[in-house]
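The chain contents come next:
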Amino acid sequence: MGERVVSREAERHLRLLVMRADWLDQAFVHWPYRPADVQALLPARLTVDTYDDTAWVTLTPFVMAEVRAAGLASPAPAVGRFLETNLRTYVRGPDGCRALWFLTIEVSCAAMLAARAVGLPYHSGSLTLRRDDGVCFYSGMRRGGGASYRLTVRRGEPLPAPSERDVWLTTRWHAFTRRAGLIWDTPVEHEPWNLHTGTVEGLAQSLTTAVGLPAPSREPLVHVSPAVRQARIGASRPRYRAGY
């Protein structure tokens with residue numbers, strides 16, 4: 001099984017930044033999967049990370065706010081605030097580095113599609129968020145049809161002392177992407193997650209099957225984070241050859 005501990009605090013202070021942003025009204029809906037099902041979707045050099053011999057896939061919708069390029073004092077008008085939803089899993093590199101691997105990213109801001117150039121799997125879509133007394137109603141439809149989701153999550157009690165599994169499921173300080181035969185590493189730095197419990201009150205989605213996974217067969221675990229301020233995204237750099 002290997003070492004399971006993931007640091008709740010950022011690994012290091014990033015000096016070379018690409019972007020800053022606030023992450024608001026974020027939900028984490030985590031499903032357990034057989035490791036082999038997830039491994040089949042990864043580049044050869046990456047290994048699915050597991051907790052208690054189980055792989056996990058997470059659906060996470062949220063608001064990107066105060067989005068600005070590094071060095072700018074105010075948000076960029078074209079991308080200052082928008083909705084994003086990603087479907088992600090957890091991986092290790094050949095040297096043991098833990099990272100996120102994005103299976104798909106749905107986004108309401110067309111300008112973000114430029115990030116496909118670094119291997120991020122962005123798809124343009126119509127995304128909505130409505131809030132009502134501690135409940136968030138998320139929905140998304142990929143432009144042109146196809147993958148979609150509708151999710152209702154009620155925020156519960158705060159978790160002042162998150163468990164090891166809570167941290168493992170929500171926290172990574174690197175994201176890997178594949179481009180030009182290489183695995184690229186994008187570091188991130190932010191305050192520890194302000195985590196709450198959460199309850200799914202409604203869910204219909206086709207993102208998991210759209211990326212090649214079986215439909216989830218068990219009820220999800222849920223976390224909610226009202227806000228993380230001033231997340232810092234570093235510059236991507238090549239880290240490994242991708243392999244086949």
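Everything quoted here is computed from the prediction, not taken from an experiment.

J.: Please provide a residue-by-residue account of the overall build of the chain, values included.
T.: Tallying secondary structure elements over the chain gives three helices and 13 strands in all. Taking 2.2 N^0.38 as the reference for a compact globule, 244 residues should give roughly 18 Å; the C-alpha atoms of the chain span a radius of gyration of 17 Å, in line with that estimate. On the principal axes, the C-alpha backbone points of the chain span a range of 45 × 45 × 40 Å. For the chain, the proportion of contacts with a sequence separation of at least 24, taken over those separated by at least 6, is 72%. For the chain, the exposed surface amounts to about 11,100 Å²; the carbon and sulfur share of it is 51%. Between the mean site of the 30 positive side-chain charges and the mean site of the 23 negative ones, the chain shows a separation of 7 Å.

J.: Could you give me a rundown of the pairing of strand E7 (residues 135-142), with the residues and numbers involved?
T.: Of all eight residues in E7, six are buried; the element is thus mostly enclosed. Direction of pairing for strand E6 (residues 122-132) relative to E7: antiparallel, over a ladder of eight bridges. Its bridge partner lying in E7, leucine 127 is registered against glycine 140. Remark: two residues form the turn of the hairpin made by E6 and E7, two consecutive strands paired antiparallel; aspartate 133 in that turn has positive phi of roughly 55 degrees. Across seven bridges, E7 lies against strand E8 (residues 148-158) in antiparallel orientation. If you follow phenylalanine 137 over to E8, its bridge partner there is threonine 152. The hairpin formed by E7 and E8 contains five residues between the paired strands, and glycine 144 there has a positive phi angle of roughly 90 degrees.

J.: Could you give an account of the pairing of strand E12 (residues 221-234), naming the residues involved and the relevant values?
T.: Across the 14 residues that make up E12, a large majority, 10, are buried. Bridge count between strand E1 (residues 17-33) and E12: 11 bridges; the pairing is antiparallel. Each bridged residue has a counterpart across the sheet, and for leucine 24 the counterpart in E12 is alanine 227. Of the pairings in the sheet, the one linking strand E10 (residues 182-189) to E12 comprises two bridges and is antiparallel in character. Within E12, the residue paired with valine 188 across the bridge is isoleucine 233. Bridge count between strand E11 (residues 196-205) and E12: two bridges; the pairing is antiparallel. Of the residues in E12, the one forming a bridge with histidine 196 is valine 224.

J.: Describe in detail unusual backbone geometry, supporting the description with residues and values.
T.: Unusually for a residue other than glycine, aspartate 25 sits at a positive phi of about 50 degrees. Structurally, aspartate 25 can be placed in strand E1. Since its relative accessible area comes to 16%, aspartate 25 is described here as buried. Of note, the phi angle at aspartate 53 is positive, near 65 degrees, even though the residue is not glycine.

J.: Report on the layout of surface pockets, specifying residues and quantitative values.
T.: Roughly 780 Å³ of internal volume is contained in the largest pocket. Around the largest pocket sit 39 residues that line it, and Met19, Leu120, Tyr122, Thr186 and Ile233 are the ones nearest its centre. Breaking the lining of the largest pocket down by element, the ones donating at least two residues are E1, strand E3 (55-69), strand E4 (82-92), strand E5 (98-107), strand E9 (174-179), E10 and E12. Examining the composition of the lining of the largest pocket, we find that six residues originate from one element, E3, more than from any other. Classifying every residue of the lining of the largest pocket by side-chain character gives 24 nonpolar, 10 polar and five charged.

Quick notes on the rules
- Residues numbered from 1 in each chain as written.
- Predicted model: local features only at pLDDT ≥ 70, side-chain atom pairs only at ≥ 80, totals over all residues.
- Heavy atoms only, no water.
- Helix = DSSP H or I, 4+ residues; strand = E, 2+ residues; numbered from the N terminus.
- Rg over C-alpha atoms; globule rule 2.2 N^0.38 Å.
- Contact = heavy atoms within 4.5 Å.
- Areas by Shrake-Rupley, 256 points an atom, 1.4 Å probe, with all protein chains shown as cover.
- Lys, Arg positive; Asp, Glu negative; His and termini not counted.
- Charge placed at Lys NZ, Arg CZ, Asp CG, Glu CD.
- Buried < 20%, exposed > 50% of the residue type's maximum accessible area, 1.4 Å probe, protein only.
- Pairing = 2+ DSSP bridges.
- 1 Å grid on protein atoms, 1.4 Å probe; cavity = no way out; pocket = protein on both sides within 12 Å on 5 of 7 lines; lining within 4 Å.
- Points joined across faces, edges and corners; volume = space filled by probe spheres on them.
- Nonpolar A, V, L, I, M, F, W, Y, C, P; charged D, E, K, R; others polar.

Read these as layout, nothing more, since geometry by itself doesn't imply function.
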